[in-house]
Amino acid sequence: FALLWTTVVYDPVCHWVWGAGGWLRQLGVLDFAGGIVVHATSGFSALAAALYIGKRKGFLQESMPPHDLPLTVFGAGILWFGWFGFNAGSALTSGELATLAFVTTHTAAVAGTLTWTLVEWYHRGKPTMFGAATGAIAGLATITPAAGFVGPLPAMAIGAGAGSP
């Protein structure tokens, strides 16, 4: 499956975005660290799989709280840490561009975390750690294509937009 998916889905989108003759590149699409290529293809593939599989048994009829909150938060922390290497490392050097990507990555993740937490607090009467982790990952994922192209304030806006459930 992985070989088939890579060949049929991922590779063509890589060419469209980064290839010399790629139609998305010719339209002016910028993708600094692969956020469009990685997250969009994975997201649409996950959506297709979810639609094919269908709803969970008991969905909307019974409570389905997160299984293990400490592992969820630990995993989000590992992702956040790793994302620095992913985004800043996409600069392929340790200069100003890598520093910008590092700062914007952190800024967007913080903004996503804070926004999700505040919105959840407003709607549910209290924030949750699971919501904070979700907001952080949303901020990380949405800044990735722009991490080397925007400054901290636009990164804050991107993260806040992602953290608005």
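For the structure, see preceding data.
All values derive from a computational prediction rather than experimental measurement.

## Comments concerning unusual backbone geometry
Although it is not a glycine, Leu-60 adopts a positive phi angle of roughly 70°. In this fold, Leu-60 is placed in the loop between α3 (35-53) and α4 (69-89). Residue class for Leu-60 comes out exposed when judged on its relative accessible area of 70%. The backbone phi angle of Leu-92 is positive, close to 60°, even though this residue is not glycine. With respect to the helices and strands, the residue Leu-92 is situated in the loop between α4 and α5 (96-124). Residue Leu-92 is classed as exposed on the basis of its relative accessible area, which comes to 77%.

## Considerations on the packing of aromatic side chains
Scanning the entire structure with this criterion turns up five aromatic pairs. With a centroid separation of 6.0 Å and an interplanar angle of 25°, the aromatic rings of Trp-5 and Tyr-10 are classed as stacked. Tyr-10 gets classed as partly exposed once you look at its relative accessible area, which sits at 24%. Ring centres 4.2 Å apart and planes at 20° place the aromatic pair Phe-84 and Phe-102 in the stacked group.

## A few points about α3
One turn of an α-helix holds 3.6 residues; hence residues three or four places apart share an orientation. For α3, spanning 19 residues, the distance from its first C-alpha to its last is 26 Å, which sits close to the expected 27 Å at 1.5 Å a residue. Of all the residues in α3, the buried ones are Gly-35, Val-37 and Thr-41. Against α1 (2-18) lie the buried residues of α3. Looking at the residues trailing α3, positive phi occurs at Gly-54, about 95°.

## As for the packing of α5 against helix α7 (residues 152-162)
The N-to-C vectors of α5 and α7 enclose an angle of 35°; their axes lie 7 Å apart at closest approach. For the element pair α5 and α7, the recorded crossing hand is right-handed. Contact with α5, carried on its side by Val-103, Thr-104, Thr-107, Ala-108, Ala-111, Gly-112, Thr-115 and Trp-116, involves Pro-152, Ala-155, Met-156, Gly-159, Ala-160 and Ala-162 of α7 and no other residues of that element. For the contact of α5 with α7, the per-class residue count stands at nine nonpolar, five polar and no charged.

The rules behind each value
- Once a new chain begins, its residue numbering starts again from 1 and follows that chain's sequence as written.
- With pLDDT at 70 or above as the cut-off, local features in this predicted model cover only qualifying residues; side-chain atom pairs require 80 or more to be listed or tallied, and sums for whole chains, interfaces and linings still use all residues.
- In computing side-chain properties, one takes all heavy atoms of the structure into account and sets aside hydrogens as well as water.
- For the purposes of this entry, the term helix denotes a DSSP run of H or I that reaches at least four residues, the term strand denotes a run of E that reaches at least two, and both are numbered from the N terminus.
- Three exposure classes are used, based on accessible area relative to the maximum for each residue type with a 1.4 Å probe and protein chains only: buried under 20%, partly exposed in between, and exposed over 50%.
- For Phe, Tyr and Trp, rings pair up if their centres lie within 6.5 Å, where Trp contributes its six-membered ring, and each pair is then called stacked (planes under 30 degrees apart), edge-to-face (over 60) or tilted (otherwise).
- Take the residue count of a helix, subtract one, and multiply by 1.5 Å to get its expected span.
- Residue contacts follow a heavy-atom distance rule, with two residues in contact if any of their heavy atoms lie within 4.5 Å.
- Helix axes use the C-alpha atoms of the stretch in contact, all axes being lines fitted to C-alpha atoms, and the angles between their N-to-C directions lie in the range 0 to 180 degrees.
- Here a crossing is called left-handed whenever its near helix is offset anticlockwise from the far helix by less than a right angle, and right-handed whenever the offset is clockwise.
- Gly is put with the polar residues, along with every residue not named as nonpolar or charged; the nonpolar set is Ala, Val, Leu, Ile, Met, Phe, Trp, Tyr, Cys and Pro, and the charged set is Asp, Glu, Lys and Arg.

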